[in-house]
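As a plain string of letters, each chain reads:
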Amino acid sequence: MDDAVLLEFARQGVETLAQADPRLYELLLGEYRRQTETLTLVAASSVADPSVLACSGAVLNNVTTEGYPGARYHGGCTFADEIERLAVERAKQVFGAAYANVQPHSGSSANHIVIFSLLRPGDRILGLDLDSGGHLTHGSRASVVGQYFETKGYGLDEDGFLDYDRIRALAHEFRPKLLIGGSSAYPRAIDFRRLREIADEVGAFFLADISHVAGLVAAGLHPSPVDHAHFTTTSTYKQLYGPRGGLILIGRDHDRPLPNGRTLAEAVQSATFPFYQGTPNLGAVAAKARALAGVATPEFRARMGRVVTSASSLAASLAGAGYRVLTGGTDNHMVVVDLDPAGLTGVVAERALEECAIVVNKNRIPGDRRSPLVTSGLRLGTNHTALRGMGEREMPACAELLDRVLAAVRPTGDRAYQLPGGVREAVREEVRRTCERFPIPSYPQALSGVAG
Ligand SMILES: Cc1ncc(COP(=O)(O)O)c(C=O)c1O
């Protein structure tokens, strides 16, 4: 039957892999089991539906082309064109955007495309400091952006909040050509309207990077920057539960002309290709289309509701257990914890928790004196747990598991520690039961005992 061809194709692919390359097959199987059998609280990731992954691995990978639908540089694009148009339409609809580009290979590429299309080497950029939760692409010296442009970072106030008056003062002093808003580790809502006002006052463009909160924005649970910012960027694998990749969106300013006469939308279109990238990854484009269809559903909105309420509950439970939660709570999916008062480093906490089948990530916190590979903090997030159907009711138990491990860890250095075997076994067993009770939807449980 015609519609069974793709099923047969996928089955043959997996079978061939298992037979012809058992080493690689075992590694992939191990990764599958790890994901289904661990409790993941990583704020920067999510889980893509198997239908999204089916698109990423589809035969579209075999289509090489450049350009855009209707204006390609190769033949054979009939279906690729329709798929890209579908992805663009869905991105526009989900975010209420007038323009969408679905070709950026990542969130970083999306930022680079916008930045390099607007600025000349040496131009000024003002963005959130890396240490305060900004992304590398927002101006860090460790990134190409910090090397090619003159960048300055704004920080947070003593309580860990953005201080818009200070950002405004800094913008007036520094006179950037581009102001960037958005963060990798800021647990509070961002006032994009205010940032645009600041950009307008100093004649700067404003780029809003919503990589972390794109799902909340799409669901209406975080104010949207799309009509405030000149450009909005996001990666698609975090809160959109999509493939590796990025999006660039433009709202009401899409047809605003630049000094060279081109509109913002035209500038992004040609900056993506041919200026910055070559061939699009059409499998990823299809997977973005599929993920965006999921984002448009009432179930997604309900999940985003759980993301927010469970993060608040997790923050409250951890604070109740004596942990220093930055900003005292959260407005989004993220909870950032300062481990210094607990006498632990981020890396020790991350490793000890992973031994107990709980996956988190160490994170620098404002003013951190430790390196990015050690850190003094933890960043937790609820994208995964909400997908598993866990909500605010389950978070006190999650916080209790975290606390059981962190309270038992005996650090013997910045990176070394001891953890009593009894705690490890007991927590792994709890995690195993939790994962069984809240399986990842559409991911058959593989029961290898990774977590128990
Ligand atoms: C705020 C922000 N922007 C951009 C990115 C980069 O995304 P990607 O990993 O897709 O390059 C990240 C990812 O960590 C991020 O947190």
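The shown structure was predicted, so the numbers you read here are calculated from the model rather than taken from an experiment.

**Focus on the site of the ligand**
Consideration 1: Around the ligand, a shell composed of 14 residues is seen, among which Ser 106, Gly 107, Ser 108, Ser 184 and Ser 235 lie nearest.
Consideration 2: Along the lines of polarity and charge, the residues of the shell around the ligand split into one nonpolar, 12 polar and one charged.

**A word on helix 4 (residues 78-95)**
Consideration 1: Helix length check: helix 4 (18 residues) gives 26 Å between terminal C-alpha atoms against 26 Å at 1.5 Å per residue, within 8%.
Consideration 2: Contacts from the buried residues of helix 4 go to strand 4 (99-101), helix 9 (214-218), strand 10 (246-250) and helix 11 (282-295).
Consideration 3: The positive-phi residue at the C-terminal boundary of helix 4 is Gly 96, with phi of around 60°.

**Quick word on unusual backbone geometry**
Consideration 1: Note the cis peptide between Phe 273 and Pro 274, where omega equals 15°.
Consideration 2: In this fold, Pro 274 is placed in helix 10 (residues 264-276).
Consideration 3: Residues other than glycine seldom take positive phi values, yet Thr 327 does so here, at roughly 65°.
Consideration 4: Assignment of secondary structure puts Thr 327 in the loop between strand 11 (324-325) and strand 12 (334-338).
Consideration 5: Among the residues examined, Thr 327 registers 19 C-beta atoms within 10 Å and is labelled partly exposed.
Consideration 6: Backbone geometry at Ser 442 places phi at a positive 65°, although glycine is not the residue there.
Consideration 7: Within the secondary structure, Ser 442 sits in the segment after helix 16 (421-437).

**Quick look at the sheet that holds strand 14 (residues 361-363)**
Consideration 1: The strand order 11-12-15-14 describes an open sheet built from four strands, whose pairing is antiparallel. What marks the edges here is a single partner per strand, and that holds for strand 11 and strand 14.
Consideration 2: Where strand 12 and strand 15 (residues 377-381) come together, five bridges link them in antiparallel fashion. Each bridged residue has a counterpart across the sheet, and for Asp 338 the counterpart in strand 15 is Gly 377.

**Thoughts on the domain arrangement of the chain**
Consideration 1: Here the chain is described as being made up of domain 1 (60-295) and domain 2 (298-437).
Consideration 2: Taken over C-alpha atoms, the centre of domain 1 sits 29 Å from the centre of domain 2.
Consideration 3: Counting residues at the interface gives 21 residues for domain 1 and 20 residues for domain 2.
Consideration 4: When contributions to the side of domain 1 that touches domain 2 are tallied by element, the ones reaching two or more residues are helix 9 and helix 11.

**Quick look at the packing of helix 15 (residues 395-408) against helix 16**
Consideration 1: One way to put it is that helix 15 packs onto helix 16 with a least axis distance of 10 Å and a crossing angle of 165°. Looking at the two axes, helix 15 sits roughly antiparallel to helix 16. For the crossing formed where helix 15 meets helix 16, the hand is left-handed. For the pair formed by helix 15 and helix 16, the contact residues are Leu 401, Arg 404, Val 405 and Ala 408 on the first element and Val 423, Val 427 and Glu 430 on the second.

**Brief notes about the environment of Ala 319**
Consideration 1: Secondary-structure assignment places Ala 319 in helix 12 (residues 298-320).
Consideration 2: Along the backbone, Ala 319 and Gly 329 are 10 residues apart, and their C-alpha atoms lie at a distance of 8.4 Å.

**What to know about the packing of helix 7 (residues 164-174) against helix 8 (residues 192-202)**
Consideration 1: Across the interface, helix 7 lies against helix 8 with an axial gap of 9 Å and an inter-helix angle of 20°. Overall, the two elements helix 7 and helix 8 adopt an arrangement that is roughly parallel. Like other packed secondary-structure pairs, helix 7 and helix 8 cross with a definite hand, here right-handed. Mapping the contact onto sequence places Tyr 164, Ile 167, Arg 168, Ala 171 and His 172 in helix 7 and Arg 194, Ile 198 and Val 202 in helix 8.
Consideration 2: Taken together, the residues of the contact of helix 7 with helix 8 sort by class into five nonpolar, one polar and two charged.

**So, the sheet that holds strand 6 (residues 150-154)**
Consideration 1: Read across the sheet, seven strands follow the order 4-10-9-8-7-5-6 without closing on themselves; strand pairing throughout is mixed. Strands with a single pairing partner mark the edges of an open sheet, and in this sheet they are strand 4 and strand 6. Each adjacent strand pair in this sheet contributes to an overall mean axis angle of 20°, direction not counted.
Consideration 2: Lying on the sheet, helix 7 is in contact with strand 5 (124-128), strand 6 and strand 7 (178-181); it crosses strand 6 at an angle near 160°.

**Let's talk about the pairing of strand 7**
Consideration 1: Of the two faces of strand 7, the one lined by Leu 178 and Ile 180 and the one lined by Leu 179 and Gly 181 are each fully buried.
Consideration 2: In this sheet, strand 7 lies alongside strand 5 in parallel orientation, the contact comprising two bridges. Along strand 7, the bridge assignment pairs Leu 126 with Leu 179.
Consideration 3: Looking at chain direction, strand 7 and strand 8 (residues 205-209) are connected through four bridges and run parallel. For Leu 178, the partnering residue across the bridge sits in strand 8 and is Phe 205.

**So, helix 11**
Consideration 1: Taking 1.5 Å per residue as the helical rise, helix 11 with its 14 residues ought to reach 20 Å, and the 20 Å between its terminal C-alpha atoms agrees with that figure.
Consideration 2: Counting buried residues in helix 11 gives 13 out of 14 residues, a clear majority hidden from the surface.

What counts and what doesn't
- Residues numbered from 1 in each chain as written.
- Predicted model: local features only at pLDDT ≥ 70, side-chain atom pairs only at ≥ 80, totals over all residues.
- Near = placed C-beta within 6 Å.
- Nonpolar A, V, L, I, M, F, W, Y, C, P; charged D, E, K, R; others polar.
- Helix = DSSP H or I, 4+ residues; strand = E, 2+ residues; numbered from the N terminus.
- Expected span 1.5 Å × (residues − 1).
- Contact = placed C-beta atoms within 7 Å.
- Buried ≥ 20, exposed ≤ 12 C-beta atoms within 10 Å, placed from the backbone.
- Pairing = 2+ DSSP bridges.
- Domains from an automatic or database assignment.
- Axes fitted to C-alpha atoms, helices over the stretch in contact; angles between N-to-C directions.
- Parallel < 35°, antiparallel > 145°, perpendicular 65-115°, else oblique.
- Left-handed = near helix turned anticlockwise from the far one by under 90°.

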